[in-house]
Amino acid sequence: LKNIVMEVKSKGYIPSVHGDEHAHPAPMGCGFFKLWSQGKLGGIPPPKFGAEEGKAAVIEAGGVYECLRGSHEEKVVYINLVPGTTLAPDGDDQAFVVDAWVAGKFNLDVPRYLTAAASTVEQLGGPRIAKIITPATPLTPEDVVGVLKGRGWEAEIANQSEVPKLIPTSEKGLLKCVDGRPSDLSAMDGPKSLGGVYAIATNRGVTSLEGLKAIVQEVKNMRHIPSCHGDEHAHPAPMGCGFFKLWSQGKLDGIPPPNFDSEQGKAAIIEAGGVYEQLKGKHKEKIVYINFVPNTTIAPDGKDQAFVVDAWITAKFNLDVPKYLIAAASTVEQLGGPLKAKLIVPSSEGLAVSTAKPAANCGGTCTIS
């Protein structure tokens, strides 16, 4: 048991066990341990230690103990297959949460793991209602081309090697608007998103200033410089961001408008540690680049303007990809921009699929996909 605690720590997690306020001794408040210790899990031998001995061993090896409160009122069992994600407990809306993806992380027997989970819920009198959460089907560049063409756009896919303007992003670069006009700032090697930080807010349905400030902090934690912008023509200047203007006017389908105006948004972003940039000149964009190459971007060029949508940030900030790209297309359309897109995809590198082989130790059960 102590070795497993060390293994969990080495994977970057905090190992734990629990009890509750009703059981005597308290660690027997873990229904799973109780069933295990009583030999009630088919095919799984009981432990050679008691609940309190297990608790002490886990703590001694560097784990923690938690005490749960109240009665079981779970209504559903979530079986989560999305790696690196979970659901937090909600005392007002209880659910059993089985993060099944850990079976892969810790090299567990998957059928045995899920059978034990089902048996535990059944024996504890829990709900026999399950929702299995699976990863979303990735949206491919080909899918995006099809959608854009359906909206009347010209669209093509280009390999990153065919786009010499593509540059690596840096921590000193602004997470800034997709706008192609020149800026009064120089840090142009950051990712480009709709309205800067407003892209994240709109995608998540955030409409408050406090929510906006939290996003600014999140962007900083991700080692980007959060920003918004205006221009020299608008009054007030921050309304020079066409994306914010459309958002504030409720013209982005399915996206509620903010509960603040452009100047309040600007002030909140600066207060939270972001920056404001002023763009110059008129829109003269000739193309929309939709970039799928992680950690790269295209710097604005006032003499050869383009909208740059770094679509790879949707994964970094856990955004709804279709919603994000539809908002981008709608913004360009409503602003009278060019209905011409070039989708930039990563270069094919490494071992070709046709010559790839399963790992030697996979026991013949591995496939390449």
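As the structure is a computational prediction, the values presented were derived from the model and not from experiment.

This part is about the side chain of Thr331. Turning to its location among the elements, Thr331 is positioned in helix H12 (residues 321-334). Those residues in contact with Thr331 that lie beyond four places of it in its chain are Phe243, Leu246 and Leu252.

Here the focus is the sheet that holds strand E12 (residues 288-291). Strands sit in the order E6-E15-E12-E14 across an open sheet of four strands; the sheet is parallel. In this open sheet, the two edge strands, each paired with only one partner strand, are strand E6 (154-159) and strand E14 (307-310). Taking each pair of neighbouring strands and ignoring which way they run, the sheet shows an average axis angle of 20 degrees. Set on the sheet, H12 makes contact with E12 and E14; between it and E14 the angle comes to about 170 degrees.

Now for the sheet that holds strand E8 (residues 174-177). Whether parallel or antiparallel, the strands of a sheet pair through hydrogen bonds between backbone atoms. Pairing is parallel in the open sheet, where four strands are placed in the order E9-E8-E10-E11. The sheet is open, and its two borders are formed by strand E9 (192-193) and strand E11 (275-279), each paired with just one other strand. Of the strand pairs in this sheet, E8 and E9 are connected by two bridges, and their pairing is parallel. Bridging across to E9, Lys176 finds its partner in Lys192.

On to the environment of Ala61, then. Inspection of the secondary structure assignment puts Ala61 in the loop between helix H3 (51-60) and strand E2 (64-68). A relative accessible area of 12% means that Ala61 is categorised as buried. With 165 residues separating them along the chain, Ala61 and Pro226 place their C-alpha atoms 41 Å apart. Each residue touching Ala61, except ones within four places of it in the same chain, is listed here: Lys2, Val5, Met6 and Lys9.

What follows concerns the packing of helix H8 (residues 209-221) against helix H10 (residues 262-271). Viewed as axis vectors pointing N to C, H8 and H10 meet at an angle of 40 degrees, and their least axial separation amounts to 9 Å. By the criterion of interaxial angle, the relationship of H8 to H10 is oblique. For the crossing formed where H8 meets H10, the hand is right-handed. Of the residues in H10, those in contact with Leu209, Leu212, Lys213 and Val216 of H8 are Gln264, Gly265, Ala268, Ile269 and Glu271. Counted by class, the contact of H8 with H10 contains five nonpolar, two polar and two charged residues.

Another point: the pattern of salt bridges. What the rule picks out here adds up to twelve salt bridges. A salt bridge links Glu277 to Lys176; the shortest N-O distance between them is 2.6 Å. Placement of Glu277 in strand E11 and of Lys176 in strand E8 is noted, with a sequence separation of 101 residues between them. For Lys176, a relative accessible area of 0% translates into the label buried. Where salt bridges share partners, they join Lys165, Lys286 and Asp304 into one cluster.

Now for the packing of aromatic side chains. Under the counting rule described, the total for this entry stands at nine aromatic pairs. Their ring planes at 85 degrees and their centres at 5.7 Å tell us that Phe33 and Trp36 sit as a pair that is edge-to-face. Here Phe33 pairs with Trp36, and both are found in helix H2 (residues 31-37), just three residues apart, close to one helical turn. An angle of 85 degrees between the planes, with centres 5.7 Å apart, marks the rings of Phe244 and Trp247 as edge-to-face. Of the two residues, Phe244 and Trp247 are both situated in helix H9 (residues 242-248); the distance of three residues between them amounts to about one turn of the helix. Pair check on accessibility: Phe244 and Trp247 agree, each one buried. Joined through ring pairs, the aromatic side chains of Tyr198, Phe244, Trp247 and Phe260 make up one cluster. The aromatic ring of Tyr65 is capped on one face by Lys55, whose charged end is 4.1 Å from the ring centroid. One residue, Lys266, lies across the ring of Tyr276, its end atom 4.1 Å from the ring centre.

The rules behind each value
- Residues numbered from 1 in each chain as written.
- Predicted model: local features only at pLDDT ≥ 70, side-chain atom pairs only at ≥ 80, totals over all residues.
- Heavy atoms only, no water.
- Helix = DSSP H or I, 4+ residues; strand = E, 2+ residues; numbered from the N terminus.
- Contact = heavy atoms within 4.5 Å.
- Pairing = 2+ DSSP bridges.
- Axes fitted to C-alpha atoms, helices over the stretch in contact; angles between N-to-C directions.
- Buried < 20%, exposed > 50% of the residue type's maximum accessible area, 1.4 Å probe, protein only.
- Parallel < 35°, antiparallel > 145°, perpendicular 65-115°, else oblique.
- Left-handed = near helix turned anticlockwise from the far one by under 90°.
- Nonpolar A, V, L, I, M, F, W, Y, C, P; charged D, E, K, R; others polar.
- Salt bridge = Lys/Arg side-chain N within 4 Å of Asp/Glu carboxyl O.
- Phe/Tyr/Trp six-rings, centres within 6.5 Å; stacked < 30°, edge-to-face > 60°.
- Lys NZ or Arg CZ within 6 Å of the ring centre and 35° of its normal.

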